[in-house]
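One-letter residues, chain by chain:
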Amino acid sequence: MARRFLAGLLFVGLLGAVATAEQGKVATGQQGVAAVQRAADVTLPITFGRSVVPLYGPWKFRVGDSPLDPRTGQYLWAEPGFDDSRWEGVSLKPEPGMVDPFDGDSRYVPGWTKKGHAGYWGYAWYRMRVEVRPGADGALVLNTYGWVDGAYQFFANGRLVGNWGVFREGKRPVTYFTQPAMFALPEPWNGGARDPNPHVETLAFRFWMGPLQLAQWPMAGGLHYAPLLGDAGPIQEMSRLEWLELFHKYGLEVVGAGLFLLLAIVAASLTLFDLSDRVYWWVAGSMVPVGLIDLCYLLGAWTQLESMRTFFFLAFVILNPIWLGSSAMMWRVWFHERRPVWAPKAIAALAVLYALFQLLGGHLIYTLIPDAAQEVFHAASLVVRVLLLAMIGVTVGRGIRREGREGWFVLPAVAGLAVAQFEGELISMHLPGVFSIKGMVIFMSEVANLVLIVTLALLLLRRLLVSVHRQRKMELDVRQAVFGRAGNWQRSPYPSRALNVNPAVVRRRRSNLPRETCHRSWIQD
């Protein structure tokens, strides 16, 4: 009995232990579920990293220049407390269907000439207030990119932060082709330490656009792309990408310049094979100016070594008239035109007039010449350009009539020259003068120049082969005259052609040869 009692007591104890363990497991599970529920009720802080914001606006805009604050001597329109409520509002947000007329960028917006200020050139201001918090890695940075018309100064809370272009006291600013630019905003300080709290920044742009930009680009005036505001790191990366895009955009200009200069070198070297043909020098002389135009454009687009005004002076006042005049002379020499005898002087005079009218009517010295007079000179330069192309057309037409099929091969080169000369007029009439392929800007003049290069290269090759064949034929005639003997039928050293020599003709020709040619080592009678 005692044994049975102890066994039952032990069994009851085991059941109690098992039950206690199960209750502990249930309690532990309930505590775990409660902990998960409490964790789900907590909001986790998530940081998405550094950001960049495009400043679409609305911007406050006004044409004209700011008066100076009599107290500080600074521009009044740049001050944070200035009341700009009566200024007009301008949005830099891209519109559907609107793209950059040069590279097809959909972020492009028209300038102030398409927003109620057609034909205006001079100073203009943009203002905008933004509430910002300083970035984690330092000051905020503003980035301008794409295309802007003219030079500008950038202000933050009334302080001049930076500029694009050269602003000189009492003189008109110097403008450059647009390149990406970054400006670090002054950091807010509070009690000797950087203030991390949000604050309001008053951003202002003071723009200058001259009549040169107004005449050259459609929809001109001020900002065409919304500036970017953000932390320094992302802005630097964005600026680096914009620079890479800028190099890629005008990469075809490098190819064009290299091909033109290479063709000039090849044409000049062909004179070693035929010193009597002057056309090779004229081809080289006409290729060098257009190659230099491409190099000048690259120098202005990629660096600040050349201002926009300097580029237009070099390209349109000096190099383009030389190119057009030398091309007219090249085709005269190509077709052996000798009449009319006054044509070379007329071509030189027209080239000089073209350069002069481009200088007076190209808005390069607009401070000295009234606008109405500049329009007259610009029209006169267009007439002179047409006259030079007409002279080229007459020369080619006469060459086609005289040489037939041979002359028709020249037409693609002449057509390419004509299209390249009137590219600006095509763009101003909103015709497709520029298009973009995979981010690379291709001007219609570049396509025309490529056609000109290929056609001229093939024509030079053909002309060289004809010249070599003619020289061999002349050499053959000389050999026939020198080595022929009376009563001896001499066979040509060229197996493709046998020559029968008449002794009387040989003696007559031999008597007319120069003394040094009739050396006795060559002629044995």
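Coordinates for the structure precede this section.
Presented here is an overview of the structure given in this document. (Residues numbered from 1 in each chain as written. Predicted model: local features only at pLDDT ≥ 70, side-chain atom pairs only at ≥ 80, totals over all residues. Heavy atoms only, no water.)

Moving on, we come to the overall build of the protein chain. Along the protein chain, the regular secondary structure elements total 13 helices and 16 strands. Counted over contacts in the protein chain with a minimum sequence separation of 6, partners at least 24 positions apart contribute 75%. Here the protein chain has roughly 29,000 Å² of accessible surface; of this, 63% comes from carbon and sulfur atoms. (Helix = DSSP H or I, 4+ residues; strand = E, 2+ residues; numbered from the N terminus. Contact = heavy atoms within 4.5 Å. Areas by Shrake-Rupley, 256 points an atom, 1.4 Å probe, with all protein chains shown as cover.)

Moving on: the packing of aromatic side chains. In total, this model carries 37 aromatic pairs according to the counting rule given. Between W77 and F82, the aromatic rings sit 6.4 Å apart at their centres with planes inclined by 40°, giving tilted as the arrangement. Residue classification places W77 among the buried positions, given a relative accessible area of 5%. Among the residues examined, F82 registers a relative accessible area of 16% and is labelled buried. For the pair Y145 and Y225, a centre-to-centre distance of 5.3 Å together with 55° between the ring planes defines the contact as tilted. Linking Y145 in the loop between β5 (140-144) and β6 (148-149) with Y225 in the loop between β13 (222-223) and β14 (228-231), this pair joins segments that are 80 residues apart in sequence. For Y145, a relative accessible area of 6% gives the class buried. Cluster of aromatic residues (ring-pair linked, three or more members): W59, F61, W112, Y120, Y126, Y152, F154, F183, F205 and F207. The ring of F422 has R385 lying over it, and the distance from NZ or CZ to the ring centre is 5.0 Å. (Phe/Tyr/Trp six-rings, centres within 6.5 Å; stacked < 30°, edge-to-face > 60°. Buried < 20%, exposed > 50% of the residue type's maximum accessible area, 1.4 Å probe, protein only. Lys NZ or Arg CZ within 6 Å of the ring centre and 35° of its normal.)

Now for the nonpolar core. Counting residues in each nonpolar core, the largest one holds 44 residues, and the members touching the most others are V283, M287, W331, W334, I392, V410 and L460. For this core, the secondary structure elements donating two or more residues are α4 (251-269), α5 (279-302), α6 (308-334), α7 (343-361), α8 (371-403), α10 (411-421) and α12 (444-483). Residues contacting I392, with those up to four places away along its chain left out, are L324, S327, A328, W331, V414 and L417. Core analysis: the second largest hydrophobic core is formed by 32 residues, W112, A124, L142 and W164 among them. (Core = buried A, V, L, I, M, F, W, Y, C linked by side-chain atoms within 4.5 Å.)

Quick look at the pattern of salt bridges now. One pass over the structure, following the stated rule, counts 8 salt bridges. For D84, the salt bridge goes to R129, with nearest N and O atoms at 3.3 Å. Taken together, the residues D84 in the loop between β2 (59-63) and β3 (88-90) and R129 in strand β4 (residues 122-132) connect sequence positions 45 residues apart. Since its relative accessible area comes to 6%, D84 is described here as buried. Taking the relative accessible area as the measure of exposure, R129 reaches 40% and is therefore partly exposed. Linking E237 and R240 is a salt bridge whose minimum nitrogen-to-oxygen distance equals 3.2 Å. Taken together, the residues E237 and R240, both in helix α3 (residues 232-249) and 3 residues apart, mark about one turn of the helix. (Salt bridge = Lys/Arg side-chain N within 4 Å of Asp/Glu carboxyl O.)

On the surface, V255, L259, L262, V266, L450, V454 and L458 cluster together to form a nonpolar patch covering roughly 580 Å² of accessible area. When residues of the nonpolar patch are traced back to their parent elements, those giving at least two are α4 and α12. If you trace the backbone, L458 turns up in helix α12. A relative accessible area of 55% means that L458 is categorised as exposed. (Patch = residues over 30% accessible without salt bridge, like charges linked within 9 Å, V, L, I, M, F, W, Y side chains within 5 Å.)

Attention shifts here to the sheet that holds strand β9 (residues 181-184). Hydrogen bonds between backbone atoms are what pair the strands of a sheet, whose relative direction is either parallel or antiparallel. Read from one edge of the open sheet, 4 strands run β1-β14-β5-β9, paired in antiparallel fashion. With one partner strand each, in any of the chains shown, β1 (52-54) and β9 form the two edges of the open sheet. This sheet shows a mean twist of 25° between the axes of neighbouring strands, independent of strand direction. Summarising the sheet, β5 and β14 pair through 4 bridges and their orientation is antiparallel. (Pairing = 2+ DSSP bridges. Axes fitted to C-alpha atoms, helices over the stretch in contact; angles between N-to-C directions.)

A word on the side chain of T178. Locating T178 in the fold gives a position in the loop between β8 (159-164) and β9. Looking at T178, its side chain comes within polar contact range of the main-chain oxygen of V148, at 3.0 Å. Contacts of T178, omitting those with residues within four sequence positions, involve G146, W147, V148, W164, L246 and A301. (Polar contact = N/O pair within 3.5 Å; in protein donor to acceptor, adjacent residues only side chain to side chain.)

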